[in-house]
2 protein chains.
Amino acid sequence: VILAVCLNAAVDVTYHVSDRVTAGGSYRVQSVRHRAGGKAVNVARVLGQLGEPGRLLAFAGGTNGEQFGADLQSAGLQHVLVAVAGDTRRTVTVVDTVEATTFNEPGPRVSEAEWAELLEVYVSLLPEAELVVLSGSLPPGVPVDAYRQLIALATPNDVRCVLDTDGAALSAALPARPWVVKPNHHELSELVGAPLPDVAALHSAARDLAGRGPVTVVVSRAADGVIAVGPDGSWQAQPPEQQAGNPTGAGDSLVAALAAGLVRGREWTEILADAVAVSAAAVPVAVAGEIHPPTMRRLRPAVVVRSLAHLSRES
Amino acid sequence: VILAVCLNAAVDVTYHVSDRVTAGGSYRVQSVRHRAGGKAVNVARVLGQLGEPGRLLAFAGGTNGEQFGADLQSAGLQHVLVAVAGDTRRTVTVVDTVEATTFNEPGPRVSEAEWAELLEVYVSLLPEAELVVLSGSLPPGVPVDAYRQLIALATPNDVRCVLDTDGAALSAALPARPWVVKPNHHELSELVGAPLPDVAALHSAARDLAGRGPVTVVVSRAADGVIAVGPDGSWQAQPPEQQAGNPTGAGDSLVAALAAGLVRGREWTEILADAVAVSAAAVPVAVAGEIHPPTMRRLRPAVVVRSLAHLSRES
């Protein structure tokens, strides 16, 4: 089973309103939807669609935490929840006639004891884990090197980790040598402090990042696919066409596909081609954490994977 | 005890964000506050501040219903909750650097059995009730004449009702002869289908409304105070000055003051003067359901109450 760790769980709420939203207005919400959210939850959902069993480990607290757990239950997602005293955060997305506006609650502060409890439960789940996925931002209260600690605990168990986070949480985790890190273009650019305007610049930045610890760096580039740099080679994988829709959650679908490919022991060129097709297949779906399988099957044979070995030799 | 009936309970959520809100944006919420809401809840809170014990009867369901009950508990508000299968609605108010934007969830549909259960509990509470306050809109599922039914059940128990609602819920309730109805200027204008530009027009419309059932009609006019028309006379009561702040909940504070004055058996001129001062004292307070007592005490002696008997004779 793939263990997906969700430190910053959320109840994602979607409001539909039939007017344009402007500040100062008062709106009658036409429909309300609730869904367990957080990047690792999206990963676990897509793993299920890919036929790869996932198990979620998350903090949950208060009435929102109950709602979070109830939704995982009804979605049939295996999960283990560590109780926190605070109330699990909500995100509220207001979809009006034209676009969506999102309000993200900060989430509860995790105490030292709650963090220690999560580590203990995590260690108890490692023996059954084929791979660990660490996705999302850190909640207030957990140490900035939380992901480093989680990776360091997995290593002696021979469990590899895929890490998808950014900023300080990512930097602090690198020395623990995650198997894969997946920054997006913007996150990598922020990390290296440079704009990375082309494939060569991205490749070079990914290689520098790999030099700081991670075994393989996969950079997601939205509609442009991915660039990957690792010990077995470096590649660019591109989808044949751009999808219209909602790109939220496409990165999480990509991570799910990487995780599924890794536990299946596939070649990197195949993993990357799968991942690009899966990620693109998330865009036509309105909600995050779901893909459209026919789109994935249609795009998959047309994904182009090219070696970037010449860039490695050049520099 | 004054029994306040809340058919459309809510959890009022306030988000503070440090930017201006525009559609399409994504905002990090700086602070989140939750509070049991709904107009009757505001009335019950202000009754407490006026030293008059209130008891709340409300529908509550789901995790939001739990949160609603927990907040009433921590606020020390006596309450009896009737369980509904649906989840109690939320209102989300986003306060940005300039103004507030509000999103109102529709609330759960109340089943026939749930409505029958509320009526049964209500009847059991009537013997202890000195007065009933019926405030707010009707949730989906309850009959449009819900307030008429509640008033009709109170009458044989010699319990009088103060009604604060609008539109069809108000129209349908009038034949049951509530003791007091409190439309605001806008609601009365909608009900009679005319703009009501001056005191004479308001007085005339209030008298017409009284002809349709209610004993006394009190029209709230925001910063202009109130106009009242009833069997003992008709009056205009005006505050000495306009308050700066948040007028949300000022009408509920007015209703609380009317209810407190009625159970204390005060004269209408005193009730109206109190009510105008209490209503104005709600404006300086940021949240609904709370007044600023020093403002009330300062304004009270300066409220001017004038008889409108000349308008009754003229027409």
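## Thoughts on the packing of helix α1 (residues 39-49) of chain A against helix α8 (residues 250-263) of chain A
Residue and element names in this part refer to chain A.
No. 1: α8 packs onto α1 with a crossing angle of 55 degrees between their chain directions and a minimal axis gap of 8 Å. Of the possible angle classes, the one that applies to α1 and α8 is oblique. The interaxial crossing formed by α1 with α8 has right-handed handedness. Facing α1, whose interface residues are Lys39, Asn42, Val43, Val46 and Leu47, α8 presents Asp252, Ser253, Val255, Ala256, Ala259 and Ala260.
No. 2: Among the residues making up the contact of α1 with α8, the classes are represented as seven nonpolar, two polar and two charged.

## Description of the pairing of strand β7 (residues 89-95) of chain B
Residue and element names in this part refer to chain B.
No. 1: Taken across its seven residues, β7 has six buried, putting it largely inside the fold.
No. 2: For strand β2 (residues 10-16) and β7, the ladder comprises seven bridges, and the chain directions are parallel. The residue bridging Asp12 from the neighbouring strand is Thr91, located in β7.
No. 3: Two elements, β7 and strand β8 (residues 100-104), share five bridges in a ladder whose sense is antiparallel. Its bridge partner lying in β8, Val94 is registered against Thr101.
No. 4: Connecting β7 to the next strand, β8, in antiparallel fashion are four residues.

## Re the relation of the copies chain A and chain B
No. 1: For the pair chain A and chain B, the superposition axis carries a translation of 0.0 Å, the fit reaches an RMSD of 0.0 Å, and the rotation angle comes to 180 degrees. In short, the pair behaves as if placed about a two-fold rotation axis. Relative to the rotation axis, the C-alpha of Thr63(A) is the closest in chain A, positioned 2.6 Å from it.
No. 2: Both copies contact each other with a shared surface, as 100% of the interface residues of chain A are interface residues in chain B too.

## Concerning the packing of α8(A) against helix α9 (residues 268-280) of chain A
Residues and elements named next belong to chain A.
No. 1: Where α8 contacts α9, the axes come no closer than 8 Å and their chain directions differ by 150 degrees. Of the possible angle classes, the one that applies to α8 and α9 is roughly antiparallel. You can see that α8 and α9 cross each other, and the crossing is right-handed. Along the contact surface, α8 presents Ala250, Ser253, Leu254, Ala257, Leu258, Gly261 and Leu262, while α9 presents Trp268, Ile271, Leu272, Asp274, Ala275, Val276, Val278 and Ser279.
No. 2: Here the residues of the contact of α8 with α9 are counted per class, giving 11 nonpolar, three polar and one charged.

## Quick word on the confidence of the model for chain A
Caution applies to low-pLDDT parts of the model: their predicted coordinates are not meant to be read in detail.
No. 1: Overall, the predicted model of chain A reaches an average pLDDT of 95, with 99% of residues at or above 70.
No. 2: Reported confidence for the predicted complex is 0.82 by ipTM and 0.83 by pTM.

## What to know about the pattern of salt bridges
No. 1: Tallying each qualifying case throughout the model produces 28 salt bridges over all chains.
No. 2: We note a salt bridge from Glu241(A) to Arg298(A), for which the minimum N-O separation is 3.1 Å. Here the residue Glu241(A) occupies a position in the loop between β14 (233-238) and α8, and Arg298(A) occupies one in helix α10 (residues 293-299), the gap between them amounting to 57 residues.
No. 3: The partly exposed category is assigned to Arg298(A), whose relative accessible area is 46%.
No. 4: Arg45(B) is paired through a salt bridge with Asp71(B); the nearest N and O atoms lie 3.0 Å apart. With Arg45(B) in helix α1 (residues 39-49) and Asp71(B) in helix α2 (residues 62-74), this residue pair connects regions lying 26 residues apart in the sequence.
No. 5: Relative accessible area serves as the criterion here: at 18%, Asp71(B) is assigned to the buried category.

## Comments concerning the packing of aromatic side chains
No. 1: One pass over the structure, following the stated rule, counts three aromatic pairs over all chains.
No. 2: Measuring from centroid to centroid gives 5.6 Å for Phe103(A) and Tyr27(B), while their planes differ by 25 degrees, and the two rings are stacked. Pair noted here: Phe103(A) is in strand β8 (residues 100-104) and Tyr27(B) is in strand β3 (residues 26-28), and the two residues belong to different chains. The two residues Phe103(A) and Tyr27(B) agree in class, both being buried.
No. 3: When the centroid spacing of 6.4 Å and the interplanar angle of 45 degrees are considered together, the rings of Phe103(A) and Phe103(B) count as tilted. Placement of the pair is Phe103(A) in strand β8 and Phe103(B) in strand β8, with the two residues belonging to separate chains.

## So, α2(B)
Structural remark: α-helix, 3.6 residues per turn; residues separated by three or four positions point the same way.
Residue and element names in this part refer to chain B.
No. 1: Along its 13 residues, α2 runs 19 Å from first to last C-alpha, staying within 8% of the 18 Å computed at 1.5 Å per residue.
No. 2: If you check which residues of α2 are buried, you get Thr63, Asn64, Gly65, Gln67, Phe68, Gly69, Asp71 and Leu72.
No. 3: Two residues or fewer past α2, Gly76 is found with a positive phi of approximately 70 degrees.

## Structural notes on helix α3 (residues 112-125) of chain A
No. 1: An ideal rise of 1.5 Å per residue puts 20 Å on 14 residues; α3(A) measures up with 20 Å between its terminal C-alpha atoms.
No. 2: Looking at the buried side of α3(A), the elements it contacts are β1 (2-6), β5 (54-60), β6 (78-83), β9 (131-135), α4 (146-154) and β10 (160-164) of chain A.

## Some words on the side chain of Asn8(B)
Residue and element names in this part refer to chain B.
No. 1: In this fold, Asn8 is placed in the loop between β1 (2-6) and β2.
No. 2: Of the polar contacts made by the side chain of Asn8, one reaches the side chain of Ser137; its length is 2.9 Å.
No. 3: Excluding its chain neighbours within four sequence positions, the residues that come into contact with Asn8 are Gly38, Arg89, Pro106, Ser137, Leu138 and Pro139.

## Quick word on the side chain of Glu52(B)
Residues and elements named next belong to chain B.
No. 1: Along the chain, Glu52 turns up in the loop between α1 and β5 (54-60).
No. 2: In this structure the side chain of Glu52 is engaged in a polar contact, spanning 2.7 Å, whose partner is the side chain of Arg264.
No. 3: With near-sequence residues (within four places) excluded, Glu52 lies in contact with Ile2, Leu47, Glu130, Ala260, Val263 and Arg264.

About the thresholds
- Within every chain, residues take consecutive numbers counted from 1 along the sequence as written.
- Think of it this way: whatever chain is written first is A, whatever ligand is written first is 1, and the rest follow in order.
- A pLDDT threshold of at least 70 governs which residues receive local features in this predicted model, and a stricter bar of 80 or more applies before side-chain atom pairs are shown or counted, although totals over entire chains, interfaces and linings include all residues.
- Only hydrogens and water are set aside; all other atoms, that is, all heavy atoms of the structure, feed into the side-chain values.
- Axis definition: a line fitted to C-alpha atoms, limited for helices to the stretch in contact. Angles are taken between N-to-C directions and run from 0 to 180 degrees.
- Each helix is a run of H or I in the DSSP string that is no shorter than four residues. Each strand is a run of E no shorter than two, and both are numbered from the N terminus.
- Roughly parallel means an angle under 35 degrees; roughly antiparallel, over 145; roughly perpendicular, 65 to 115; everything else is oblique.
- Less than a right angle of anticlockwise turn of the near helix away from the far helix marks a crossing as left-handed, whereas a clockwise turn marks it as right-handed.
- By definition in these notes, contact holds between two residues if any of their heavy atoms fall within 4.5 Å.
- Gly falls in the polar group here, along with every residue not listed as nonpolar (Ala, Val, Leu, Ile, Met, Phe, Trp, Tyr, Cys, Pro) or charged (Asp, Glu, Lys, Arg).
- We call a residue buried when its accessible area falls under 20% of the maximum for its residue type, exposed when it is over 50%, and partly exposed in between, using a 1.4 Å probe and counting protein chains only.
- If DSSP finds at least two bridges between two strands, the strands pair.
- To superpose the copies, least squares is applied to the C-alpha atoms of every residue with a pLDDT of at least 70 in both.
- Each residue gets a pLDDT score, which is the predictor's confidence in that residue and runs from 0 to 100.
- Salt bridge, as used here, is a side-chain nitrogen of Lys or Arg placed within 4 Å of a carboxyl oxygen of Asp or Glu.
- Only Phe, Tyr and Trp rings are paired, with Trp represented by its six-membered ring, and only when their centres lie within 6.5 Å; those with planes under 30 degrees apart are stacked, over 60 edge-to-face, the remainder tilted.
- Helix span, expected: 1.5 Å multiplied by one less than the number of residues in the helix.
- Contacts described as polar in this section are N or O atom pairs within 3.5 Å, which, within protein, must combine one atom able to donate a hydrogen with one able to accept it, while residues neighboring in sequence count only if both atoms come from side chains.

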